[in-house]
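# Structure at a glance
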Amino acid sequence: MSGGTELGRQAKKYMDRGDLVPDEVTIAMVRDRLAEDDARDGFLLDGFPRNVPQAETLKKILAEWDARLDIVLELVVDEDEVVRRLSGRRTCERCGRIWHVDFDDKQDDICDECGGHLFQRDDDKEEVVRHRLEVYQEQTAPLVQFYADERILVGIDATGPVEEVTHRALAALRPLER
Ligand SMILES: Nc1ncnc2c1ncn2[C@@H]1O[C@H](COP(=O)(O)OP(=O)(O)O)[C@@H](O)[C@H]1O
């Protein structure tokens, strides 16, 4: 999250703790972004919606534009793997590139791409990741049933390397190609 705006500072407070940012903030951001020209022929949302009220509101926003979601991908992976992936993630403060302590065998804290310094996001600390998983179970997991009821949910096995998961995700999207 960039910028020193009051809204940005407010949002960061929630994010650092691993809580969801209030719906009025995220919904306004998503509504504004979807209203831009390049979203008219299609868009991909990552991390939104994250609770049922957001999903209900998204449905109404899209309906106002005679649009609807075509597909929802659920990336299924067990909690230990989520903790391993997030707690080992390091971010370059200069170029934003993401490294992983184990998967990239990253033992120092220097970005091999630009020489910048790597840091760990507050919400990638293990105890905060565990809290994010609780928030997921409470608030986000109900969306699986929500979108199953809408008949647009597709579950994907998200274990294994990035290339394999990408391959499975693209295969699930292929029927929508036009
Ligand atoms: N739809 C959303 N509703 C509320 N808060 C959100 C939403 N998406 C992201 N956030 C906030 O941003 C934080 C980081 O988002 P996340 O998608 O987990 O990041 P990343 O994909 O980089 O791991 C979340 O923990 C939450 O505080």
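Quick notes on the rules
Residues numbered from 1 in each chain as written. Predicted model: local features only at pLDDT ≥ 70, side-chain atom pairs only at ≥ 80, totals over all residues. Heavy atoms only, no water. Helix = DSSP H or I, 4+ residues; strand = E, 2+ residues; numbered from the N terminus. Buried < 20%, exposed > 50% of the residue type's maximum accessible area, 1.4 Å probe, protein only. Contact = heavy atoms within 4.5 Å. Near = heavy atom within 4 Å. Polar contact = N/O pair within 3.5 Å; in protein donor to acceptor, adjacent residues only side chain to side chain. Areas by Shrake-Rupley, 256 points an atom, 1.4 Å probe, with all protein chains shown as cover. Nonpolar A, V, L, I, M, F, W, Y, C, P; charged D, E, K, R; others polar. Domains from an automatic or database assignment. UniProt positions renumbered as here; feature names shortened; annotations may be inferred. Arc of directions from axis to C-beta. Core = buried A, V, L, I, M, F, W, Y, C linked by side-chain atoms within 4.5 Å. Phe/Tyr/Trp six-rings, centres within 6.5 Å; stacked < 30°, edge-to-face > 60°. Lys NZ or Arg CZ within 6 Å of the ring centre and 35° of its normal.

### As for the overall build of the chain
Looking only at helices and strands, one finds seven helices and five strands in the chain. Each helix and strand of the chain, placed in order from N terminus to C terminus, yields the pattern α-α-α-β-α-β-β-β-α-α-β-α. On the principal axes, the C-alpha backbone points of the chain span a range of 50 × 40 × 35 Å. The 178 residues of the chain split such that 29% are buried. Counting contacts in the chain only where the partners sit at least 6 residues apart, residues at least 24 apart contribute 57% of the total.

### Topic: the site of the ligand
In the neighbourhood of the ligand, 13 residues make up the surrounding shell, with Asp 19, Gln 54, Arg 89, Arg 121 and Arg 132 lying closest. In the model, an oxygen atom of the ligand is placed 2.9 Å from a nitrogen or oxygen of the Arg 50 side chain. In the model, an oxygen atom of the ligand is placed 2.8 Å from a nitrogen or oxygen of the Arg 121 side chain. When isolated, the ligand has an accessible area of 550 Å², and the protein chains bury 79% of it. When grouped by side-chain class, the residues that make up the shell around the ligand number four nonpolar, three polar and six charged. Both of domain 1 (1-69) and domain 2 (71-178) provide at least three residues apiece to the shell around the ligand.

### Here we look at the UniProt feature "binding site: AMP" (unreviewed entry) in the chain
Under the feature "binding site: AMP" (unreviewed entry), the UniProt entry names Asp 19, Leu 20, Val 21, Gly 47, Phe 48, Pro 49, Arg 50, Gln 54, Arg 121 and Arg 132. Spatial dispersion of the annotated residues is evident: they stretch over 114 residues in sequence, and the largest pairwise C-alpha distance comes to 25.0 Å. With respect to the helices and strands, Leu 20 occurs in the loop between α1 (6-17) and α2 (23-34). Not counting residues up to four positions away in its chain, the partners in contact with Leu 20 are Tyr 14, Arg 50, Asn 51, Val 135 and Gln 139. Within the secondary structure, Gly 47 sits in the loop between α2 and α3 (52-64). In this structure Gly 47 comes out as partly exposed when scored by relative accessible area, which is 34%.

### Concerning helix α6 (residues 142-149)
If you check which residues of α6 are buried, you get Leu 143, Phe 146 and Tyr 147. Taken around the axis of α6, the buried residues stretch over an arc of 85°, which confines them to a single face. Buried residues in α6 make contact with α3, β1 (72-76), α5 (126-140) and β5 (153-157). Phi turns positive, to about 65°, at Arg 151, one or two residues after α6.

### A word on the nonpolar core
Leu 58, Leu 69 and Tyr 147 are the most contacted members of the largest nonpolar core, which totals 14 residues. At the level of elements, α2, α3 and α6 are the ones that each hand at least two residues to this core. The element that contributes the greatest number of residues to this core is α3, accounting for four residues. Taken together, domain 1 (1-69) and domain 2 (71-178) each give at least three residues to this core, which thus spans both.

### A word on the packing of aromatic side chains
Here the structure, examined in full by the defined rule, presents one aromatic pair. Between Arg 17 and the ring centre of Tyr 14, over which it is positioned, the NZ or CZ distance is 5.3 Å. It is Arg 97 that lies over the ring of Trp 99; its NZ or CZ is 3.8 Å from the centre.

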